[in-house]
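Understanding the architecture of this molecule
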Amino acid sequence: MNCRSEVLEVSVEGRQVDEAMLALLHTILLHRSTGKFHYKKEGTYSIGTVGTQDIDCDFIDFTFVRVSSDELDRVIRKAVAEFKDALNITGSDGMGQISLEFYQKKKSRWPFSDECIPWEVWTIKVNVVNLANEQERQICREKVGEKLGEKVINVVEVINRHEYLPKMPTQSEVDNVFDTSLKDVQPYLYKITYQITDSLGTSVSTTMRRLIKDTLAL
């Protein structure tokens, strides 16, 4: 199986890291989750509904839509908080990436553990920039909102392609494809990981600073 790989890159101020990551991760998971499966008998099931919720950002001019599941939100927020804490250790400017990997399990014979086979990976590269004053922060607030809007459209376009998805499982195999631990929603099996580097990524951060300077010059 070929694993699809998608890369998104954003440049943000330190206080915007949480909201930018939550917006992108929740957007992806919104399209990679279903309602809970209710099996009547093997091979016959119904799927529950998935509620959605609009979330307004505090430090970015942006509103995103997420699955209306507090349980899922807590899991994502915990992962993002750990990523931000690790970024903060690097200082005012830093670079890192957070990855959202979807996988399915392949049962192995005893005594071997199940094999986890990734089928889609989203990597979000993050550059944290240090701004000089409140005027620059206000411009960054608007520019990051515009960039996130572009990224969300990109995510939706990628997901709407007719590419591989795990086939709908039988009742006995549902845990090999979906995370059934949540009460109100059923995302495809996934894991979130991150990496931090102590050197600033120049391409995106320089672009953001240039955007801010160009706007100030108007």
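The text that follows walks through the structure, step by step, so that each part is easy to find. Every value quoted in this text rests on a predicted model; they were computed, and no experiment measured them.

So, on to the pattern of salt bridges. In the structure shown here, the tally under the stated rule is 17 salt bridges. Across the pair Arg66 and Asp70 runs a salt bridge whose closest N-O atoms are separated by 3.8 Å. You can call Asp70 partly exposed: its relative accessible area is 48%. Note that Asp73 is salt-bridged to Arg77, the shortest N-O span being 2.8 Å. In this pair, Asp73 and Arg77 both sit in helix α2 (residues 70-89), four residues apart, roughly one turn of the helix.

Strands sit in the order β1-β8-β7-β10 across an open sheet of four strands; the sheet is mixed. A strand with exactly one partner marks an edge of an open sheet, and here the two such strands are β1 (4-13) and β10 (190-197). Going across the sheet, the axis of each strand differs from the next one's by a mean of 20°, ignoring polarity. Note that strand β7 (residues 94-106) and β10 share eight bridges and pair antiparallel. Residue pairing for β10: Gln97 is matched across the bridge by Gln195. Helix α1 (residues 17-30) contacts β1, β7, β8 (115-129) and β10 of the sheet and is inclined by roughly 20° relative to β7.

To continue, consider α1. Under the 1.5 Å per step criterion, the end-to-end length of α1 is 20 Å for 14 residues, consistent within 8% with the ideal 20 Å. Of all 14 residues making up α1, 12 are buried, and the element is well covered by its neighbours. Taken as a whole, α1 has its buried residues at Val17, Glu19, Ala20, Met21, Leu22, Ala23, Leu24, Leu25, His26, Thr27, Ile28 and Leu29.

Moving on, we get to the packing of aromatic side chains. Applying the stated criterion across every chain yields a total of nine aromatic pairs. Ring centres of Phe178 and Tyr188 lie 4.6 Å apart, and the angle between their planes is 25°; this geometry places the pair in the stacked category. Of this pair, Phe178 sits in the loop between α3 (134-159) and β9 (186-187) while Tyr188 is found in the loop between β9 and β10, placing the two residues 10 residues apart along the sequence. What makes Phe178 buried here is its relative accessible area of 1%. Among the aromatic residues, ring-to-ring pairing joins Phe37, Tyr39, Tyr45, Phe102, Trp119, Tyr164, Phe178 and Tyr188 into one connected group.

Turning our eyes to something else, we now look at the packing of α1 against α2. α2 packs onto α1 with a crossing angle of 140° between their chain directions and a minimal axis gap of 10 Å. Considered as vectors, α1 and α2 are oriented oblique to each other. Read as a crossing pair, α1 and α2 show a hand that is right-handed. Along the contact surface, α1 presents Val17, Asp18, Met21, Leu22, Leu25, His26 and Leu29, while α2 presents Leu72, Asp73, Ile76, Arg77, Val80, Phe83, Lys84 and Leu87. Among the residues making up the contact of α1 with α2, the classes are represented as 10 nonpolar, one polar and four charged.

Conventions we followed
- Numbers given to residues run from 1 along each chain, matching the order in which its sequence is written.
- Where local features are concerned, this predicted model is filtered to residues with pLDDT of at least 70; where side-chain atom pairs are given and counted, the filter is 80 or more; whole-chain, interface and lining totals use all residues.
- Note that water and hydrogens are dropped before the side-chain values are worked out from all heavy atoms of the structure.
- Salt bridge, as applied in this entry: a Lys or Arg side-chain nitrogen positioned within 4 Å of an Asp or Glu carboxyl oxygen.
- Throughout this description, buried means an accessible area under 20% of the type-specific maximum (1.4 Å probe, protein chains only), exposed means over 50%, and partly exposed covers the range between.
- Think of it this way: any DSSP run of H or I at least four residues long counts as a helix, any run of E at least two long counts as a strand, and we number them from the N terminus.
- Paired strands are those between which DSSP finds at least two bridges.
- Between N-to-C directions, angles cover 0 to 180 degrees, with each direction set by a line fitted to C-alpha atoms, over the stretch in contact for helices.
- By the convention used here, residues are in contact when the closest approach between their heavy atoms is within 4.5 Å.
- For a helix, the expected span equals 1.5 Å multiplied by the residue count minus one.
- Any Phe, Tyr or Trp ring, taking Trp's six-membered ring, that has another such ring centre within 6.5 Å forms a pair; planes under 30 degrees apart are called stacked, those over 60 apart edge-to-face, and the others tilted.
- The cut-offs work like this: below 35 degrees is roughly parallel, past 145 is roughly antiparallel, 65 to 115 is roughly perpendicular, and the gaps in between are oblique.
- For a crossing to be left-handed, the near helix must be turned anticlockwise from the far one by less than a right angle; the clockwise case is right-handed.
- Three classes are used: nonpolar for Ala, Val, Leu, Ile, Met, Phe, Trp, Tyr, Cys and Pro, charged for Asp, Glu, Lys and Arg, and polar for all others, with Gly counted as polar.

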